[in-house]
Each structure stands twice: as C-alpha cells, then as structure tokens.
Amino acid sequence: MIRRFISKVFGRKTRAPGSGAHILPQARHGIRRDQLTDCALKTCETLTQAGFKGYLVGGAVRDLLLGKTPKDFDVATDATPEEVRRLFRRSRIIGRRFQIVHVMCGRETIEVTTFRSNEQKDTDEDDERPTDEHGRLLSDNVFGSMADDAARRDFTINALYYDVVREEVHDYFGGVADCKKRVLRMIGDPDTRFREDPVRMLRAARFAAKLDFHIDPETRRPVATLAPLLANIPRARIFDEALKLLMSGHALRGVHQLRAEGLHHGMLPLLDTILDDPVGERFINAALKTTDTRIAQDKPASPAFLFGTLLWPQVLLRWRALEAGGEKPQPALFIAMDEVLDAQRGQLAIPRRYDGMMKEIWALQPRFEQRGGQRPYRLLEHPRFRAAYDFLLLRAESGEVDLELGEWWTRFQDADDAERESMLKVDSSPRPRRKRKRKKPGETASTAPAE
Ligand code: ATP
Ligand code: MG
C-alpha cells in the first residue's frame, strides 16, 4: 500500500502538462448538477452548445467535493474573451493584460477565464519563462490548453474541472484523492512554484485553515526558507490575501497557521509582539473567534473592526507610555493612534479607507469609563457605538479592563429609563456615594447595594 502511495505521488509529480486527466463519472465524485446555480449551469451549457469547452473550475469544484457550499463559481473555457463576450448578452470583459469575462444573470456574476499556460510559447528556443532573480514569474498571460491551465494552478485540489453536461470531473493531479485525504499538495516542484509566486505560501496557510487540511510535508518544506520572498510582493496584494484569510470564517486557525509556518513576518508583523503578551494573546484570540462566529452566522464582519483589534495592543502600549510621560489621557490616545497607523503602513499596508473607522472605535474606548450624567446616553447615540461596544467586550474578555465595565454597558443598553437612572446614580455619580459613606463609615463602594 505504501509503495502504491509512493508511486501515485511520484507519478503525479512527473506527469507532464499536456498529458491526460483522470475522468471521474458522477458515481465517483458525487457532485450533482442541482448543487450549481442556474447561472453557473447556463454559462457552461451555452459555451458547450457553441462548440467550446466550458468547465466549472477551482474553488467551487473543490468545495462541492467536500460537501461545502461554494461562495462563487468560476468557469474555464477554450473560447477567447471576445468569443465569450459575444455569446452572452449580459457580459463584459474585465482587465487589460489579464482579461476575464464577467457573465451576469440576475444578481449573480460568473467569472469566465480562458485556459492559460505558464509556458512561454512564442519566444526563444530555450523556452525560458520571464522571472525575476528569485524565480518570480513576471508574466502568466499566455493562452494554453486545458492541461496547461491545470498545471499553472497552485494546489492539486484547485485543479479540478467539472463538466456539467457529461457530469464528469477531470482530475489532472490527483486532487480528488487529496480532497479525500484532506491533504494540501502543490502541483509540481514546491520550491519552484513558491518562487514563481510567493503569495502561494499564504494561500497554503489559508486553505489549510479554511478546509482543515494538513499541508503535505514536501509542499511545506521550502516555506521556512522562502518566507522572506514575501517582502518582494506589492503590499496591496499581501493585504488582499490577509483580508481573505481574516474573513474566511477560520481566522483564528489561519493566524496561528501563519505563525506556525513563520509567514506572519511578511503579513502580520505585529503578531509576535502581541502574542508574547498573555493579555494581547487573549485579546487577539477573542477578536478572531468573534469574527469567525459572526461569519458562521452570516452576520456582517467588518475588516476595519478586525484590523482595529490587531493594532490595538500597539496603540495601548504607546498610549500608556505617553501617559506615563505626562501626556493627558485623551491627547495621548490620539497621538498613539496616529503613530501606530503610520508605523503599520510600511509593514502591512492597511488601506487608508479603514483608518476612519478604526480611529473612531479606538477613540470611543475611554468614553465607556464615564458613567455619570448625560455622557452614557450620548455615547449610546454615537453611530459607532455598536462596534465600539463589541470592541470593549473583547477588552473585558481579555482582562485589559474590568469585566464589570462590559457587563454594565450590556445592562445599560437593555434597561428601561428608570433602571438606567438608577444605574447612573449608583455606578458613576460620585456625590451620593460619598454622602452615604459618611453615614455608614464601614461601607465601601464595592459593598454598596447594586440597586
Ligand atoms: P476561495 O474559495 O477562497 O475563493 P479559490 O480556490 O476559488 O478559493 P481563488 O483565489 O478564487 O481561490 O482562485 C481561483 C483559482 O485560481 C484557484 O482555485 C486556483 O486554481 C487558481 N489560482 C488562484 N491564485 C493562484 C496562484 N497564486 N497561483 C496559482 N493558481 C492560482
Ligand atoms: Mg474563488
């Protein structure tokens, strides 16, 4: 059995692009046409009826095989973008150099991509592909055969093609078996493929976390050495990948997977410092868990909120240092916020469009401490109250502020007018408490009756 396994792996790796795929009938892959949207079905069928190939490809086939609902459907074809566009009334070509076609039906959009190749077909006889000095591919926009298209994809489980008409899965690199074994395996030589596009390292961590797969040891081996190549990738692309990981519904596992692979230096450089501190670690874990839970419940999760939590431990550190240096609390917080946002730009490059919301959430935090007079009412009315309150709960959960503070705000929101008034008097108005203390000298604030 071991020998069979080895020969299978060996066979898979040496199979040249251009060689055939294993074709699996419905009984062997189990995908049903009714699991696809009408739009995805119609797109593939229209292409086929016009004499082209039209296969469902990538994440959707993988997710269907794993019994998950795909979040979108991609189609691969041998028709050129212009030919695709002519077939569908509601379609448009996107991109210049790297053209894809968006086919629209109702609210749904299907992305149709023409088969591409990593091979440079039309140039020098030595068939060299253009790469930088580390092996990074500089161009991958050459049309190719379906087998070429499979070979340029990253992992075996992402190179599966579903033929909706014949109800067959075309499997070039053993992706169906890898799905069953729950293994994430790079197509081809992992070292070369990671050098071609270092972002594939981040994708490996993301898919392993999202699908709960383990990374094949051969695929994993070069990562420790090649992780620094992420420094050569445009920051915007790293940020997009970070966002996908954090919004995957498996952010907690994903972030720890990144750290285990040593990949966070290129993506979330702050992570080491944060996770070294127990309060910081509890805070980040609580934040990631909340995001995962919200996504699992189909509730909106805001990237600004999440990036706000990832940067908060730094803000807090600077805030406290500035206060210790004699700065007043509120100005100290604002200085700390700006310093931390500036510092992260060089590392993670969170786009400026998130700054506003992050700052609002942070700036509201000290206001939760003020529980007297009209101030709590004004805070409740603030448009960012909800996000800032959720943020406060994470701080309370991690032990940065008293649990009681979070609980007080939870009660205060649900309370009726009379109850709110009584909460204000007991918890935050200092005068009556002092009066009572004078009458009963043995009583302290914490032993005072709550109601
Ligand atoms: P998700 O469900 O997270 O969207 P996905 O597999 O669909 O997963 P995409 O980023 O949408 O991921 O990419 C679609 C397909 O394109 C992948 O399945 C893979 O075949 C191919 N692909 C994407 N990025 C790369 C890359 N960097 N290198 C090689 N192939 C890639
Ligand atoms: Mg996708």
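So, here is what we can say about the structure in this document.

Parameters and conventions
Residues numbered from 1 in each chain as written. Chains lettered and ligands numbered in written order. Predicted model: local features only at pLDDT ≥ 70, side-chain atom pairs only at ≥ 80, totals over all residues. Heavy atoms only, no water. Pairing = 2+ DSSP bridges. Helix = DSSP H or I, 4+ residues; strand = E, 2+ residues; numbered from the N terminus. Disulfide = S-S within 2.5 Å. Buried < 20%, exposed > 50% of the residue type's maximum accessible area, 1.4 Å probe, protein only. Near = heavy atom within 4 Å. Polar contact = N/O pair within 3.5 Å; in protein donor to acceptor, adjacent residues only side chain to side chain. Areas by Shrake-Rupley, 256 points an atom, 1.4 Å probe, with all protein chains shown as cover. Axes fitted to C-alpha atoms, helices over the stretch in contact; angles between N-to-C directions. Left-handed = near helix turned anticlockwise from the far one by under 90°. Contact = heavy atoms within 4.5 Å. Nonpolar A, V, L, I, M, F, W, Y, C, P; charged D, E, K, R; others polar. Expected span 1.5 Å × (residues − 1). Phe/Tyr/Trp six-rings, centres within 6.5 Å; stacked < 30°, edge-to-face > 60°. Lys NZ or Arg CZ within 6 Å of the ring centre and 35° of its normal.

### Some words on the pairing of strand β3 (residues 74–77)
Point 1. Alignment of strand β2 (residues 54–57) against β3, held across four bridges, turns out to be antiparallel. Residue pairing across strands places G54 opposite T77, the latter belonging to β3.
Point 2. In this sheet, strand β6 (residues 108–114) lies alongside β3 in parallel orientation, the contact comprising four bridges. Of the residues in β6, the one forming a bridge with D74 is E111.

### Describing the state of the cysteines
Point 1. Scanning the entire structure with this criterion turns up one disulfide.
Point 2. Between the sulfur of C39 and that of C105 lies a disulfide, 1.9 Å long from S to S. Here the disulfide of C39 and C105 is right-handed, its torsion about the S-S bond being about 75°. Taken as a pair, C39 in helix α3 (residues 38–49) and C105 in strand β5 (residues 100–105) lie far apart in primary sequence, 66 residues in all.
Point 3. Since its relative accessible area comes to 4%, C39 is described here as buried.
Point 4. Of all cysteine sulfurs in the structure, the one in C39 sits closest to C44, which takes part in no disulfide; the separation is 9.8 Å.

### Concerning the site of ligand 1
Point 1. Contacts to ligand 1 come from 17 residues, most closely from R62, K71, D197, R200 and R206.
Point 2. Within the contact set of ligand 1, an oxygen atom lies 3.0 Å away from a side-chain nitrogen or oxygen of R153.
Point 3. Contacts to ligand 1 include D197, whose side-chain N or O atom sits 2.8 Å from a nitrogen atom.
Point 4. For ligand 1, the protein covers 84% of the area, taking 580 Å² as the surface of the free molecule.
Point 5. In terms of residue count, the dominant contributor to the shell around ligand 1 is helix α9 (residues 199–211) (five residues).

### Description of unusual backbone geometry
With glycine set apart, most residues show a phi of negative sign, and most peptide bonds adopt trans.
Point 1. One non-glycine residue, D212, lies in the positive phi region at around 60°.
Point 2. If you trace the backbone, D212 turns up in the loop between α9 and β12 (214–215).

### Quick look at the packing of helix α17 (residues 303–324) against helix α21 (residues 385–398)
Point 1. Taken N-terminus to C-terminus, the directions of α17 and α21 make an angle of 35°; their axes are 11 Å apart at the nearest point. Considering how the two elements wind past one another, α17 and α21 form a crossing that is right-handed. Of the residues in α21, those in contact with F305, G308, T309 and W312 of α17 are A387, D390, F391, L394 and R395.
Point 2. In terms of residue class, the contact of α17 with α21 is built from five nonpolar, two polar and two charged.

### Some details on the packing of α21 against helix α22 (residues 403–414)
Point 1. It is at 8 Å that the axes of α21 and α22 come closest, and there the two elements cross at 145°. For the crossing formed where α21 meets α22, the hand is left-handed. Here F385, R386, Y389, L392, L393, A396 and E397 of α21 come into contact with α22, specifically with L403, L405, G406, W409, T410 and Q413.
Point 2. When grouped by side-chain class, the residues that make up the contact of α21 with α22 number eight nonpolar, three polar and two charged.

### Quick notes on α9
Point 1. The terminal C-alpha atoms of α9, which comprises 13 residues, lie 18 Å apart, in line with the 18 Å expected from a rise of 1.5 Å per residue.
Point 2. Most of α9 sits inside the fold, with twelve of its 13 residues counted as buried.
Point 3. Listed as buried for α9 are V199, R200, M201, L202, A204, A205, R206, F207, A208, A209, K210 and L211.

### Considerations on the packing of aromatic side chains
Point 1. For the coordinates displayed, the defined rule picks out 20 aromatic pairs.
Point 2. For the ring pair F305 and F391, a centre distance of 5.7 Å and an interplane angle of 80° mean the geometry is edge-to-face. With F305 in helix α17 and F391 in helix α21, the pair connects residues that are 86 residues apart, well separated along the chain.
Point 3. Owing to a relative accessible area of 0%, F391 belongs among the buried residues under this scheme.
Point 4. Arranged with centres 5.5 Å apart and planes meeting at 90°, the rings of W312 and F391 form a pair that is edge-to-face. Taken together, the residues W312 in helix α17 and F391 in helix α21 connect sequence positions 79 residues apart.
Point 5. Take W312: its relative accessible area is 1%, and that puts it in the buried class.
Point 6. Put simply, the rings of F368, Y377, F385, Y389, W408, W409 and F412 pair up and form one aromatic cluster.
Point 7. One cation-aromatic arrangement involves R420 over F412; the distance from NZ or CZ to the ring centre is 5.1 Å.

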